[in-house]
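# Structural characterization, general
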Amino acid sequence: MSRKTYSDKKGYTRFKDSNNPVHRWVAENKLGRPLKDGEVVHHKDRNKANNSPSNLHVFKNQSAHDKAHRIDARKYGSQYSYSGQTTRSSKGRRRKPL
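Small disclaimer: the values here were computed from a predicted structure and weren't measured.

In a soluble, globular protein the nonpolar side chains are often hidden away together inside. By size, the foremost hydrophobic cluster in this structure holds seven residues: F15, V22, V26, A27, L35, V41 and L56. For this core, the element with the highest residue contribution is helix α1 (residues 22–31), accounting for three residues. Not counting the four nearest positions on each side in its chain, V41 is found in contact with H23, R24, A27, L35, L56, H57 and V58.

Okay, structure coming up:
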């Protein structure tokens, strides 16, 4: 039996029966334990619909998550860091999200 999902206003996929975010459920299954209070699940490619276990990283807290976005924004630009858009490198090649 598959669980039904929907996309919320912010673009996250949620389960219809519980309203819980799918990415948090996937991260818990990947870790083999429930998420701890304060842990933040991050989409590496910034695509909120990509809930593949390999695309998810769990940060200890929101501060660590924010720091990763600030570092990416300095390296690749804020559009890349916060929206998942690819950017052009100085040599004109497209960069992929980390």
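In this model, the chain carries a mean pLDDT of 86, and residues with pLDDT of at least 70 account for 83%. Taken together, the stretch residues 85–98 has pLDDT below 50 and engages in 27 contacts with residues farther than four places along the chain or on a different chain.

A complete count under the given rule lists one aromatic pair for this structure. The ring of F15 has R3 lying over it, and the distance from NZ or CZ to the ring centre is 3.7 Å.

Further remarks concern the side chain of E39. Tracing the sequence through the fold places E39 in the loop between α1 and β3 (40–43). Polar contacts involving the side chain of E39 include one to the side chain of R33, which spans 3.0 Å. At 2.7 Å, the side chain of E39 and the backbone nitrogen of K36 are in polar contact. With near-sequence residues (within four places) excluded, E39 lies in contact with R24, R33, V58, F59 and K60.

Rules and cut-offs
Residues numbered from 1 in each chain as written. Predicted model: local features only at pLDDT ≥ 70, side-chain atom pairs only at ≥ 80, totals over all residues. Heavy atoms only, no water. Core = buried A, V, L, I, M, F, W, Y, C linked by side-chain atoms within 4.5 Å. Buried < 20%, exposed > 50% of the residue type's maximum accessible area, 1.4 Å probe, protein only. Helix = DSSP H or I, 4+ residues; strand = E, 2+ residues; numbered from the N terminus. Contact = heavy atoms within 4.5 Å. pLDDT = per-residue confidence, 0-100. Phe/Tyr/Trp six-rings, centres within 6.5 Å; stacked < 30°, edge-to-face > 60°. Lys NZ or Arg CZ within 6 Å of the ring centre and 35° of its normal. Polar contact = N/O pair within 3.5 Å; in protein donor to acceptor, adjacent residues only side chain to side chain.

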